[in-house]
Amino acid sequence: MAERLFRLLNIVDSWLFPEKITCLCCDSALGDDEQDGLCPGCTQALARLGGVFQTAPPPAGIHSAFAAFPYADQPRKLILMLKFESVRAAALPLAQAMSALPLGESDALVPVPTTRRRLQQRGFNQARLLAEHLGEIWGMPVLPALSRKDEHTAQMKLSAESRRSNLADCMRSDASVSGKRILLVDDVLTTGSTASEAARALLAAGACRVSLVTAAKTIPESGDPLFVPARDIPSFVQDDAP
């Protein structure tokens, strides 16, 4: 029942709030050459920025960790739109890139859960939306096995050490992951504290292995765009999350 409701809400959202009139990244008008809601210039930018970003060593409890993009420029714009502006269409180009990563074999996808407060604010869990797209691309089941209690403070406001203590024992997993190789899905890998807490809960519930895939991972800031398409684009690369 919950799965049907989730899909129905996506359909209603797409019908009431069409998001493929202008480019998701730069707001230029879209033509017949659009790809997943992006104009050719931003599609080119994503292709140039995309790659295989592996975290070594991976976060504690994680077998391997891969990301499709650095958290900068066009990928960051898409993630911010998905996360803070409730633009669901921004998930598809991110998931398409994630699906091309050399992740090895897994039995099921598990999205990192958000808090009830964030779910009420956004109306959806961005990690689950990414996982749903990946599940459709790969034909792999998505298990919403993890639940999460509200933290005292938002993670983005904390240092690495404070993130770890803020997340301690905040997640639980049901038994649907028992005996399975789990691919954990999230939007951004920062310190790895969230992924490690999720892995702890999954392994405690009987998962035999937990790997991680994210749309992006943070990188040292240089202040300059990593790639600019061959035309002017708005200064969204200067925007920051609220």
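Residues numbered from 1 in each chain as written. Predicted model: local features only at pLDDT ≥ 70, side-chain atom pairs only at ≥ 80, totals over all residues. Heavy atoms only, no water.

Asks: Would you explain the overall build of the chain in this entry?
Replies: Summing up its helical and strand segments, the chain has 8 helices and 7 strands in all. The buried share of the chain, taken over its 242 residues, is 50%. About 11900 Å² of surface is accessible on the chain, with carbon and sulfur atoms providing 53% of the total. (Helix = DSSP H or I, 4+ residues; strand = E, 2+ residues; numbered from the N terminus. Buried < 20%, exposed > 50% of the residue type's maximum accessible area, 1.4 Å probe, protein only. Areas by Shrake-Rupley, 256 points an atom, 1.4 Å probe, with all protein chains shown as cover.)

Asks: So what exactly am I meant to see when it comes to the packing of aromatic side chains here?
Replies: Pairs of aromatic rings are described using the distance from one ring centre to the other and the angle between the two planes. Scanning the entire structure with this criterion turns up 0 aromatic pairs. Directly above the ring of Phe84 sits Arg122, whose terminal nitrogen or CZ lies 5.5 Å from the centroid. (Phe/Tyr/Trp six-rings, centres within 6.5 Å; stacked < 30°, edge-to-face > 60°. Lys NZ or Arg CZ within 6 Å of the ring centre and 35° of its normal.)

Asks: Any chance you could explain the packing of helix α2 (residues 40-49) against helix α3 (residues 73-84) here in plain terms?
Replies: The description of two helices packed together rests on the angle between their axes and the distance between the axes. In contact at an axis separation of 8 Å, α2 and α3 are set at 110° when each is read in the N-to-C sense. Judged by the angle between their axes, α2 and α3 are roughly perpendicular. Residues Cys42, Ala45, Leu46 and Leu49 of α2 lie in contact with α3, whose contacting residues are Asp73, Gln74, Pro75 and Leu78. Along the lines of polarity and charge, the residues of the contact of α2 with α3 split into 6 nonpolar, 1 polar and 1 charged. (Axes fitted to C-alpha atoms, helices over the stretch in contact; angles between N-to-C directions. Parallel < 35°, antiparallel > 145°, perpendicular 65-115°, else oblique. Contact = heavy atoms within 4.5 Å. Nonpolar A, V, L, I, M, F, W, Y, C, P; charged D, E, K, R; others polar.)

Asks: Would you explain the pattern of salt bridges in this entry?
Replies: Once their charged atoms are close, side chains differing in charge can pair, the charge on each being opposite to the other. By the definition in use, this model includes 6 salt bridges. The salt bridge involving Lys83 is made with Asp187; its shortest N-O contact spans 3.2 Å. With Lys83 in helix α3 and Asp187 in strand β6 (residues 181-189), this residue pair connects regions lying 104 residues apart in the sequence. Between Glu105 and Arg181 there is a salt bridge whose closest N-O contact spans 3.4 Å. Of this pair, Glu105 sits in the loop between α4 (91-98) and β3 (108-111) while Arg181 is found in strand β6, placing the two residues 76 residues apart along the sequence. With relative accessibility at 58%, the residue Glu105 sits in the exposed group. Via salt bridges that share partners, Glu105, Asp107 and Arg181 belong to a single interconnected network. (Salt bridge = Lys/Arg side-chain N within 4 Å of Asp/Glu carboxyl O.)

Asks: Would you mind showing me how to read the sheet that holds β3 here?
Replies: Pairing between sheet strands relies on hydrogen bonds along the backbone, with the strands arranged either parallel or antiparallel. Judged by pairing direction, the sheet is mixed, and its 5 strands sit side by side in the order β1-β2-β7-β6-β3 without closing on themselves. The two strands at the open ends of the sheet, each matched to only one other strand, are β1 (53-54) and β3. Two elements, strand β2 (residues 65-70) and strand β7 (residues 209-217), share 5 bridges in a ladder whose sense is parallel. Considered in β7, the bridge of Ala65 is made with Leu212. Of the strands in this sheet, β3, β6 and β7 are in contact with helix α6 (residues 126-138), which crosses β6 at around 130°. (Pairing = 2+ DSSP bridges.)

Asks: Help me understand the side chain of Ser193, please; the structure alone is not making it clear to me.
Replies: Here Ser193 shows up in helix α8 (residues 193-204). Within the structure, Ser193 has its side chain in polar contact with the side chain of Thr191 (distance 3.0 Å). (Polar contact = N/O pair within 3.5 Å; in protein donor to acceptor, adjacent residues only side chain to side chain.)

Asks: Looking at this structure, I do not really get the packing of α4 against α6. What am I missing?
Replies: At a minimum axis distance of 9 Å, the contact between α4 and α6 shows a crossing angle of 50°. Our classification of the angle between α4 and α6 gives oblique. Between α4 and α6 lies a crossing whose hand is right-handed. Residue-level contacts link Ala91, Leu92, Leu94, Ala95, Gln96 and Met98 of α4 to Leu129, Leu130, His133, Leu134, Ile137 and Trp138 of α6. Tallied by class, residues from the contact of α4 with α6 come to 10 nonpolar, 2 polar and no charged. (Left-handed = near helix turned anticlockwise from the far one by under 90°.)

Asks: Help me understand α8, please; the structure alone is not making it clear to me.
Replies: An α-helix turns once every 3.6 residues. As a result, residues three or four positions apart point the same way. Between its terminal C-alpha atoms α8 stretches 17 Å, which fits the 16 Å expected from 12 residues at 1.5 Å a residue. The element α8 is extensively covered by neighbouring structure, given that 9 of its 12 residues are classed as buried. Buried within α8 are the following residues: Ser193, Thr194, Ala195, Ser196, Glu197, Ala198, Ala199, Ala201 and Leu202. A positive backbone phi angle near 105° is found at Gly206, which sits one or two residues after α8. (Expected span 1.5 Å × (residues − 1).)

Honestly, that's just the spatial picture; any functional story needs more than this.
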